[in-house]
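Residue strings, one per chain:
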Amino acid sequence: MPPRHGLPALHLLLAIAIMAVWGTNFVVIKMALAHLPPLTLALLRFVFVFFPLALVLPRPKVPWRNLALYGVLIGAGQFGLLFTAMRGQITPGLASLVVQTQVFFTIGLSMRLTGERVARFQIAALLLATAGLAVILTHTDGSATPLGLALVLCAALSWSGGNMVARRAGQADPKLNMLAYVVWSALFAVPPLLAFALLLEGPQAMAAGIAAADGWTWGAVAWQSVGNTMFGYAAWGWLLGRHPAAQVAPMALMVPVFGLGASALLLGEPLQVWKLAAFALVMAGLALGMLWPRIRMRMTR
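Residues numbered from 1 in each chain as written. Predicted model: local features only at pLDDT ≥ 70, side-chain atom pairs only at ≥ 80, totals over all residues. Heavy atoms only, no water.

Draft legend 1. Local environment of the overall build of the protein. The helix and strand tally for the protein stands at 13 helices and 0 strands. Listing each helix as α and each strand as β along the protein from the N terminus yields α-α-α-α-α-α-α-α-α-α-α-α-α. For a compact globule of 301 residues, the expected C-alpha radius of gyration is about 19 Å, and the protein comes in at 19 Å, within 12% of that figure. When burial is assessed residue by residue, the protein has 48% of its 301 residues classed as buried. Relative to all contacts within the protein whose residues are 6 or more apart in sequence, the contacts with residues 24 or more apart total 88%. When the accessible surface of the protein is totalled, it reaches about 14,500 Å², and 71% of it is carbon and sulfur. When the 19 positive and 6 negative side-chain charges of the protein are each reduced to one mean point, those points stand 17 Å apart. (Helix = DSSP H or I, 4+ residues; strand = E, 2+ residues; numbered from the N terminus. Rg over C-alpha atoms; globule rule 2.2 N^0.38 Å. Buried < 20%, exposed > 50% of the residue type's maximum accessible area, 1.4 Å probe, protein only. Contact = heavy atoms within 4.5 Å. Areas by Shrake-Rupley, 256 points an atom, 1.4 Å probe, with all protein chains shown as cover. Lys, Arg positive; Asp, Glu negative; His and termini not counted. Charge placed at Lys NZ, Arg CZ, Asp CG, Glu CD.)

Laid out in structure tokens, this is it:
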């Protein structure tokens, strides 16, 4: 049994490492986008997620339609839209913050499917986060455009849809190998990403981007596949399989901290007062939505 007072020290360090990888990954994405068109980058990411691991990892025993839906939502939906937005429409730090609104979309989808009612604290949390997004939208210094904000919000919605699909797979098979699940679902992310890349970017731009890619760019692509996807998702699933979700899920609040910090430190992204205010509002909303049930339980005790 895991300890009631939190994660063991080594498991806590693993969770922090995952958040560091996911948060700093937004800087890595920006580096790769210097040469590669966004949909081409997403396509390469999922090609290398699927191959060569699919040769050694057996397909998980879930329906093909479940794998396909997860692959399309996470591949073409979440990362296709996110990478497109980060090509000049929103800074890495703000992208790492806005995409965390997937928490609210996930809660909303869950309530839609289960018929649960929205609690007061969830309404308050959503209002706080919405206020933070409004602060971002009212500043037009190039940090985020309305299109960029809309694309990242759609990416967050796709991520939440993927969460629900993966949750259903996990409920059907409690022993589900999450790494194998992510690897085999990538097979279904590739066709839509390839189609959209050919249609919207064109084969010439795709070829030119790949030809111009240097060692740093290919390192960033490899990090997308190995570090962010294989290590991140597999380790996250491992933690969720050994501890209550209420202990593990709040750790995701650290992603924007690493994201904004890395973007400021490595890319020189300015941290103006309005950006810090937006960060505080969105994080307050996320924290309230994720932590209030535990706080209220302790208060009643």
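Draft legend 2. Unusual backbone geometry, seen in detail. Following Phe51, the chain continues into Pro52 via a peptide bond in cis, with omega recorded as 15°. Relative to the assigned elements, Pro52 resides in the loop between α2 (38–50) and α3 (64–85).

Draft legend 3. Structural detail: α2. For α2, built from 13 residues, the straight-helix expectation of 18 Å at 1.5 Å per residue is met to within 8% by its first-to-last C-alpha distance of 19 Å. The buried fraction of α2 is high, at 11 of 13 residues. Where α2 is concerned, the buried positions are Pro38, Leu39, Thr40, Leu41, Ala42, Leu43, Leu44, Arg45, Phe46, Val49 and Phe50. (Expected span 1.5 Å × (residues − 1).)

Draft legend 4. Representation of the packing of α3 against helix α7 (residues 146–172) within the structure. Look at α3 against α7: their axes get within 8 Å of each other, and the N-to-C directions meet at 160°. Relative to α7, the element α3 is oriented roughly antiparallel. The handedness of the crossing between α3 and α7 comes out as left-handed. Of the residues in α7, those touching α3 at Asn66, Leu69, Tyr70, Leu73, Ile74, Gly77, Gln78, Leu81, Leu82, Thr84 and Ala85 are Gly148, Leu151, Val152, Cys154, Ala155, Ser158, Trp159, Gly161, Gly162, Val165, Ala166 and Ala169. (Axes fitted to C-alpha atoms, helices over the stretch in contact; angles between N-to-C directions. Parallel < 35°, antiparallel > 145°, perpendicular 65-115°, else oblique. Left-handed = near helix turned anticlockwise from the far one by under 90°.)

Draft legend 5. Expanded view of the side chain of Ser158. Positionally, Ser158 belongs in helix α7. If sequence neighbours within four positions are ignored, Ser158 has contacts with Leu73, Ile74, Gly77, Gln78 and Leu81.

Draft legend 6. Examining the packing of aromatic side chains more closely. Enumeration over the complete set of coordinates arrives at 7 aromatic pairs. Aromatic side chains Phe46 and Phe79 sit 5.9 Å apart centroid to centroid with 55° between the ring planes, which places their arrangement in the tilted category. Linking Phe46 in helix α2 with Phe79 in helix α3, this pair joins segments that are 33 residues apart in sequence. Aromatic side chains Trp64 and Trp184 sit 6.4 Å apart centroid to centroid with 70° between the ring planes, which places their arrangement in the edge-to-face category. Placement of Trp64 in helix α3 and of Trp184 in helix α8 (residues 178–201) is noted, with a sequence separation of 120 residues between them. For Trp64, a relative accessible area of 43% corresponds to the partly exposed category. Within the aromatic cluster, the residues linked to one another by ring pairs are Phe50, Trp64, Trp184 and Phe188. (Phe/Tyr/Trp six-rings, centres within 6.5 Å; stacked < 30°, edge-to-face > 60°.)

Draft legend 7. Representation of the side chain of Thr101 within the structure. Within the fold, Thr101 resides in the loop between α4 (92–98) and α5 (102–114). Non-local contacts of Thr101, meaning those with residues more than four positions away in its chain, are made with Leu133, Leu153 and Ala156.

Draft legend 8. Spatial organisation of the environment of His35. Mapped onto the elements of the fold, His35 is located in the loop between α1 (9–32) and α2. Put simply, His35 and Ala212 are 177 residues apart on the chain and 6.1 Å apart in space, counted from C-alpha to C-alpha. A distance of 2.8 Å separates polar atoms of two side chains, one belonging to His35 and the other to Thr217. (Polar contact = N/O pair within 3.5 Å; in protein donor to acceptor, adjacent residues only side chain to side chain.)

Draft legend 9. Structural view of the environment of Ala54. In this fold, Ala54 is placed in the loop between α2 and α3. Residue classification places Ala54 among the buried positions, given a relative accessible area of 14%. Taking the C-alpha atoms as reference points, Ala54 and Leu187, separated by 133 residues in sequence, lie 9.2 Å from one another.

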